[in-house]
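# Structure assessment
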Protein chains: 6
Amino acid sequence: MSNQHESQLSHLNETGEAQMVDVSSKKVTRRQAVARGQIRMKRETFEAIKTGNSPKGDVLGTAKIAGIMAAKQTANLIPLCHPLPLQKIEVNIIGDETLPGYQIEATVITKAETGVEMEALTAVSIAALTLYDMAKALEKSIKIENIRLMSKTGGKSADYQSRI
Amino acid sequence: MSNQHESQLSHLNETGEAQMVDVSSKKVTRRQAVARGQIRMKRETFEAIKTGNSPKGDVLGTAKIAGIMAAKQTANLIPLCHPLPLQKIEVNIIGDETLPGYQIEATVITKAETGVEMEALTAVSIAALTLYDMAKALEKSIKIENIRLMSKTGGKSADYQSRI
Amino acid sequence: MSNQHESQLSHLNETGEAQMVDVSSKKVTRRQAVARGQIRMKRETFEAIKTGNSPKGDVLGTAKIAGIMAAKQTANLIPLCHPLPLQKIEVNIIGDETLPGYQIEATVITKAETGVEMEALTAVSIAALTLYDMAKALEKSIKIENIRLMSKTGGKSADYQSRI
Amino acid sequence: MSNQHESQLSHLNETGEAQMVDVSSKKVTRRQAVARGQIRMKRETFEAIKTGNSPKGDVLGTAKIAGIMAAKQTANLIPLCHPLPLQKIEVNIIGDETLPGYQIEATVITKAETGVEMEALTAVSIAALTLYDMAKALEKSIKIENIRLMSKTGGKSADYQSRI
Amino acid sequence: MSNQHESQLSHLNETGEAQMVDVSSKKVTRRQAVARGQIRMKRETFEAIKTGNSPKGDVLGTAKIAGIMAAKQTANLIPLCHPLPLQKIEVNIIGDETLPGYQIEATVITKAETGVEMEALTAVSIAALTLYDMAKALEKSIKIENIRLMSKTGGKSADYQSRI
Amino acid sequence: MSNQHESQLSHLNETGEAQMVDVSSKKVTRRQAVARGQIRMKRETFEAIKTGNSPKGDVLGTAKIAGIMAAKQTANLIPLCHPLPLQKIEVNIIGDETLPGYQIEATVITKAETGVEMEALTAVSIAALTLYDMAKALEKSIKIENIRLMSKTGGKSADYQSRI
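Just so it is clear, the structure is predicted and the values come from calculations on it, not from any experiment.

### Remarks on the interface of chain F and chain E
Contacts between chain F and chain E engage 58 residues on the former and 58 residues on the latter. Across the interface of chain F and chain E, roughly 5,100 Å² is buried in total on both sides, 70% from carbon and sulfur atoms. Remark: the boundary between chain F and chain E carries zero salt bridges. Summed over the shared surface of chain F and chain E, the result is six residue pairs in polar contact (both at pLDDT 80 or more). Where the side of chain F that touches chain E is concerned, the elements lending two or more residues are α1 (2–8), α2 (43–53), α3 (58–71), α5 (117–135) and β4 (143–153) of chain F. By residue number, the principal contributor to the side of chain F that touches chain E is α5(F), which donates 12 residues. Partitioning the side of chain F that touches chain E into residue classes produces 29 nonpolar, 16 polar and 13 charged. Here two bridges tie strand β4 (residues 143–153) of chain E to β4(F), and the two strands are oriented antiparallel to one another. Within the sheet, the bridge partner assigned to I144(E) lies in β4(F) and is I147(F).

Here it is in structure tokens:
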């Protein structure tokens, strides 16, 4: 069974070496991916960001812009990712009192031969790191958690929908 | 108290707007940061990577290189990070049967006016995303978890050591 | 009326937050944009560039190359720009005795779902900054002026032609 | 006299070819540069940005972040600029009812062998282009104007202070 | 005859100035390019890499990843190259006892209006430089040799096949 | 003896994995590297470049600028290179009737803990690729040859001077 799996490790060729797989024979279709992650901090850090954020919104606004710009760098960061045109990138960040911290969600759309899961996951990761950067003077024990793919549509393989 | 915290949100100036803070009066010292994170997957995905990885090591090797290169892109990704010379970047990835998945650790050293926490955290994040990318044909429910600062030394503020 | 305008601020979503708008349902058509700007300097600076430039053309040649390369970086510089394939970039710089200084014009062509105004404007801006850089040892009061879109063709919205 | 000026075109060597000049024998000192520019638009465009901007501040916030990040790209955009560590980047944008439009100011500090005029001018230029990008759906005749160095301190050459 | 050739120097316009040529009227077709080069070193350097390489493969693996990532940077490095989507990048490196040293081959595929010769040649060049970098502590007289196009298919101009 | 060499493969740690070595304890000194390479073409290609080049010099000028800009990208291209401040980059290209073709030489200077051999070699490589790009419409059999380090000075290890 691991043989079957190994053949699905599509970035490795038959001899186990890394490659950027040929997608030239795949069809160009509209593809969307949604990813999520969260950042957890102490309650006083969370309150400080909320207070600092109220009039100008710069902490969350900066993190959103960083996430959007990072999605465009995905193929420069992840070695075997294909460079793709991107038709939409949206990053949303909302406070979560129960963590406490923030929930981050990124949606990316392309019309291409392959999907944009990595672009959405990269946007979430860099938005989270930017939040960390802007709060790290307050607290060093902040954690970035649960970065995951929520859904993926378009392309020949079945659509994916996370249950959590 | 939140006032006191707000003033520590050092990337925001007095009016709450984002800025890249002035570190020109801080002393150049040797500074080191260590960050960690983990990636969790199904046991069959983990076994497939191990098998695919055995002769050539390309899955883990590619993720390590991606992490090292990403550390050098930190100031281009995180809007308010200072561009710094980096004297050492090391990324280690080891299998963890209990997750199952991989533990990722990055160590970064600079001689500069400010620390390299973000560089270490960025290296861990991009190494984890690269592992995700190379295994995503096998499993879409892989999760990146618990990205955190382990330790920070050098500079005027007290050294930091995570307890977990 | 400002409501009507606000809805046209297309990079902001309904709640006023920045987004990279979805162009995936727009048609791929050939689109061209032309932008212009000028750089004004003292007559002796202008004469020095002309003299220094005569045998090798490196001042103007370097600025042209910088403009062309910058057009390709537009989506990495302007946060909400879509990354686009570019089919042509041309930058022209001609001396203007009456300023005195230089007139810079950039033409960019794509076949995409959205236009290349920002690519043309970015090419002009960076070419102008490069001229500034190469002459700044001579004069610090050089000014970059009147960067504007001259024309825009292709796509569903009406073609645009500047009157000046 | 033009001979004397030509020799000051420091990016050209004796034969008129472009070079990145040797600054290795210059002293590392704290250097600061301030640059300014403005963006002029129709009154209704200006009002639309103000209205759209009120709750979240994303138009100006996005432009500021773009300017800060662009300053860090200066040596990658301007061919003969030296790559420098940067200790501070600050971009401020304020509405100007009389234009109408916005005044943009950037301040950059380094401790290096050469100054940061180009970094400050690049921050202003890209912040202005970002404002243009976010308002271009409303108006195509927006103009970027009067990008100039305001002051320069540090280093062996005399400090510079613009009179306007 | 030189007139005829000059007109084929397609990156120069009629007045001899550099431009990025307009390919918007060319047809999008599947295009492939293969490039090769070699790196020559002393026998003891070659043996040291082989030994150091055996268990983990990191020297060759790192060079391959660097070549793949560099192919994606081609349009940012070569001033007049068009930015293209890339559907496949493969880099292979094999030991050559007779040099002694390594043979490097890169294959790149796009579906675009112009070919990917420069992407393949850039991948070979950067992979070779990475090998050099990893062995330079052992030997400073390593040489990178014979970087050339092997074949080019697709597009209107005749396919090309190198005889050596 | 290969054991002794293996330990000198400084980018590999004790277990053979890639790392970016720690140079933080090395001394900051002025370091210079000179690299060379050549590009060989048919006589008619060489003549066409010379003719096309005469009034404006854009072929060689463009290649020089590309080489200078590439030197600044070295740490982003070569995975284990340290990001360094660069105090001087000079690229010279001269015609060689006997090849026929061009000889390319790059000189790079830093004040840092490690040398700039890779920066000089990268500048030569990208300048050569740019020449190739600008002439490839004329000839597909152009070859880039003999890229090598000419000299290296500064730092604790002995200066190096190539004999050829």
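So, next bit.
### A look at the relation of the copies chain F and chain E
For the pair chain F and chain E, the relating rotation is 180°, the translation along its axis is 0.0 Å, and the fit reaches an RMSD of 0.0 Å. One copy is carried onto the other by what is essentially a two-fold rotation axis. If distances are taken from each C-alpha of chain F to the rotation axis, the shortest is found for E145(F), at 2.3 Å. Interface residue correspondence from chain F to chain E reaches 100%, placing this contact among same-surface, isologous pairings.

### Topic: the relation of the copies chain C and chain A
Relating one copy of the chain to the other takes a rotation about an axis and a shift parallel to that axis. Turning chain C through 120° and shifting it by 0.0 Å along the axis lays it on chain A, with an RMSD of 0.0 Å. The transformation relating the two chain copies, once decomposed into turn and shift, fits a three-fold axis. Within chain C, P85(C) has its C-alpha nearest the rotation axis, a separation of 4.4 Å.

### Details of the environment of T74(B)
Residues and elements named next belong to chain B. With respect to the helices and strands, T74 occurs in helix α4 (residues 74–77). Judged by relative accessible area, which is 0%, T74 ranks as buried. For T74 and Y102, which are 28 residues apart along the polypeptide, the C-alpha to C-alpha distance reads 23 Å. Once residues lying within four places of it in the same chain are set aside, the contact partners of T74 are C81, M118, E119 and T122.

### Brief notes about the side chain of E113(B)
With respect to the helices, strands and loops of the structure, E113(B) is situated in the loop between β3 (101–112) and α5 (117–135). Under the relative-accessibility criterion, E113(B) is labelled buried at 8%. For E113(B), the side chain forms a polar contact with the side chain of Q87(D), separated by 3.0 Å. Here E113(B) is in contact with V23(B), K26(B), K27(B), V28(B), R31(B), Q87(D) and K111(D), once residues within four sequence places are set aside.

### Here's the deal with empty space enclosed by the protein
Summed over the entire model, instances satisfying the criterion amount to five cavities of 30 Å³ or more. Put simply, the largest cavity is a space of about 910 Å³. The wall of the largest cavity is formed by 47 residues, among which Q73(A), Q73(B), Q73(C), Q73(D) and Q73(F) lie closest to the centre. Taken together, the residues of the lining of the largest cavity break down into 30 nonpolar, 12 polar and five charged.

### Things to note about the UniProt feature "active site" (unreviewed entry) in chain A
UniProt feature "active site" (unreviewed entry): in the numbering of this structure it lies at D133(A). Looking at the element boundaries, D133(A) is found in helix α5 (residues 117–135). Taking relative accessible area as the criterion, D133(A) reaches 2% and is therefore assigned buried. Excluding residues within four positions of it along the chain, D133(A) makes contact with H11(B), I78(B), L80(B), C81(B) and M118(B).

### Comments concerning the interface of chain C and chain A
Listed as interface residues are 20 residues of chain C and, on the opposing side, 16 residues of chain A. For the pair chain C and chain A, the summed buried area comes to about 1,500 Å², and 49% of that belongs to carbon and sulfur atoms. On inspection of chain C and its partner chain A, the count reaches two salt bridges. Taking the shortest distance from any N to any O, the salt bridge between R30(A) and D22(C) comes out at 3.4 Å.

### Quick notes on the pattern of salt bridges
Proximity of charged atoms lets side chains of opposite charge pair with each other. As enumerated under the stated definition, the model contains 54 salt bridges over all chains in all. Between R36(B) and E105(B) there is a salt bridge, with its nearest N and O atoms 2.6 Å apart. Of this pair, R36(B) sits in strand β1 (residues 29–40) while E105(B) sits in strand β3, and the two are 69 residues apart along the sequence. Connected via shared salt-bridge partners are R43(A), E47(A), K50(A) and E97(A).

### Some details on the packing of α3(F) against α5(F)
Two quantities define a packed helix pair, namely the angle between the helix axes and the distance between the axes. Residues and elements named next belong to chain F. One way to put it is that α3 packs onto α5 with a least axis distance of 7 Å and a crossing angle of 145°. Relative to α5, the crossing made by α3 is right-handed. From α3, D58, V59, L60, T62, A63, A66, G67, A70 and A71 reach across to α5, where they touch E119, T122, A123, I126, A127, T130, L131 and M134. Of the residues contributing to the contact of α3 with α5, the split by class is 11 nonpolar, four polar and two charged.

### Some points on helix α3 (residues 58–71) of chain C
If you check α3(C), its first and last C-alpha atoms are 20 Å apart, about what 14 residues at 1.5 Å a residue would give, namely 20 Å. Burial analysis of α3(C) places 14 of its 14 residues in the buried class, the great majority of the element.

### Details of the pairing of strand β2 (residues 88–96) of chain B
With nine bridges connecting them, β2(B) and β3(B) associate as antiparallel partners. Paired with I89(B) across the strands is V108(B), a residue of β3(B).

Cut-offs used in this document
- Residues numbered from 1 in each chain as written.
- Chains lettered and ligands numbered in written order.
- Predicted model: local features only at pLDDT ≥ 70, side-chain atom pairs only at ≥ 80, totals over all residues.
- Heavy atoms only, no water.
- Contact = heavy atoms within 4.5 Å.
- Buried area = accessible area lost by both parts, 1.4 Å probe.
- Salt bridge = Lys/Arg side-chain N within 4 Å of Asp/Glu carboxyl O.
- Polar contact = N/O pair within 3.5 Å; in protein donor to acceptor, adjacent residues only side chain to side chain.
- Helix = DSSP H or I, 4+ residues; strand = E, 2+ residues; numbered from the N terminus.
- Nonpolar A, V, L, I, M, F, W, Y, C, P; charged D, E, K, R; others polar.
- Pairing = 2+ DSSP bridges.
- Least-squares fit on C-alpha atoms with pLDDT ≥ 70 in both.
- Buried < 20%, exposed > 50% of the residue type's maximum accessible area, 1.4 Å probe, protein only.
- 1 Å grid on protein atoms, 1.4 Å probe; cavity = no way out; pocket = protein on both sides within 12 Å on 5 of 7 lines; lining within 4 Å.
- Points joined across faces, edges and corners; volume = space filled by probe spheres on them.
- UniProt positions renumbered as here; feature names shortened; annotations may be inferred.
- Axes fitted to C-alpha atoms, helices over the stretch in contact; angles between N-to-C directions.
- Left-handed = near helix turned anticlockwise from the far one by under 90°.
- Expected span 1.5 Å × (residues − 1).

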